Amino acid sequence: MSCPFYSNGLCYNPSVVSTYGRPSSAVVKQEVCNTKSYRECDYFADPPDQEAPKEVYPIIHKIACTVYSECPNFLVRRFGEEDCVAYCKAVEKYIPRNSVAKCVELWNNCPYLSLTGEK
């Protein structure tokens, strides 16, 4: 099995296209692209889910994809090309955007940390 982003000597991975402005041969390594170890490539990333789950409401959940929290339970999940939402692994729920600031700034005091043995 070969990399799904490799075609005709070029890499079409979205991160390569955003870095180089177009598909590029600069990152192509035949020994990686054409083998089942293609996931080891620094540029490889699974394509984002195209549709958000039914429990995600963009008007309530959509956040900037650059949001970062040191909380080990905090994840940013990408849907489509530019839509991101926050997810809490401790409670297994999507976080409304008006609560994300607490996950970023006050994560040390989060009562959910104890649920996963992090505190």
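Our subject is the structure listed above.
My aim in this report is to walk through the structure given alongside it, one point at a time. (Residues numbered from 1 in each chain as written. Predicted model: local features only at pLDDT ≥ 70, side-chain atom pairs only at ≥ 80, totals over all residues. Heavy atoms only, no water.)

## As for unusual backbone geometry
Part 1: Even without a glycine there, the phi angle at N8 is positive, about 50°.
Part 2: With respect to the helices and strands, the residue N8 is situated in the loop between β1 (6–7) and β2 (10–11).
Part 3: Phi at E92 is positive, roughly 55°, even though this residue is not glycine.
Part 4: Tracing the backbone shows E92 in the loop between β5 (83–88) and β6 (93–95). (Helix = DSSP H or I, 4+ residues; strand = E, 2+ residues; numbered from the N terminus.)

## Observations regarding the state of the cysteines
Part 1: Within the structure shown, the criterion is met by one disulfide.
Part 2: Disulfide pairing is shown between C65 and C84; the S-S distance is 1.9 Å. Taking the sign of the S-S torsion, 100° for the link of C65 and C84, the bridge is right-handed. In this pair, C65 sits in the loop between β3 (62–63) and β4 (74–79) while C84 sits in strand β5, placing the two residues 19 residues apart along the sequence.
Part 3: Looking at C84, the relative accessible area reads 1%, which means it is buried.
Part 4: Not part of a disulfide, C110 finds its nearest cysteine sulfur in C71, a span of 5.8 Å. (Disulfide = S-S within 2.5 Å. Buried < 20%, exposed > 50% of the residue type's maximum accessible area, 1.4 Å probe, protein only.)

## Quick look at the environment of Q30
Part 1: Along the chain, the position of Q30 falls in helix α2 (residues 30–33).
Part 2: With 55 residues separating them in the primary sequence, Q30 and V85 have C-alpha atoms 36 Å apart.
Part 3: Within polar-contact distance, the side chain of Q30 engages the side chain of Y6 at 2.9 Å. (Polar contact = N/O pair within 3.5 Å; in protein donor to acceptor, adjacent residues only side chain to side chain.)

## What about a nonpolar patch on the surface?
Part 1: Taken together, the side chains of Y57, I59 and I60 present a nonpolar region at the surface, about 350 Å² in accessible area.
Part 2: Residue position: Y57 is located in the loop between α2 and α3 (58–61).
Part 3: The class of Y57 is partly exposed, set by a relative accessible area of 48%. (Patch = residues over 30% accessible without salt bridge, like charges linked within 9 Å, V, L, I, M, F, W, Y side chains within 5 Å. Areas by Shrake-Rupley, 256 points an atom, 1.4 Å probe, with all protein chains shown as cover. Salt bridge = Lys/Arg side-chain N within 4 Å of Asp/Glu carboxyl O.)

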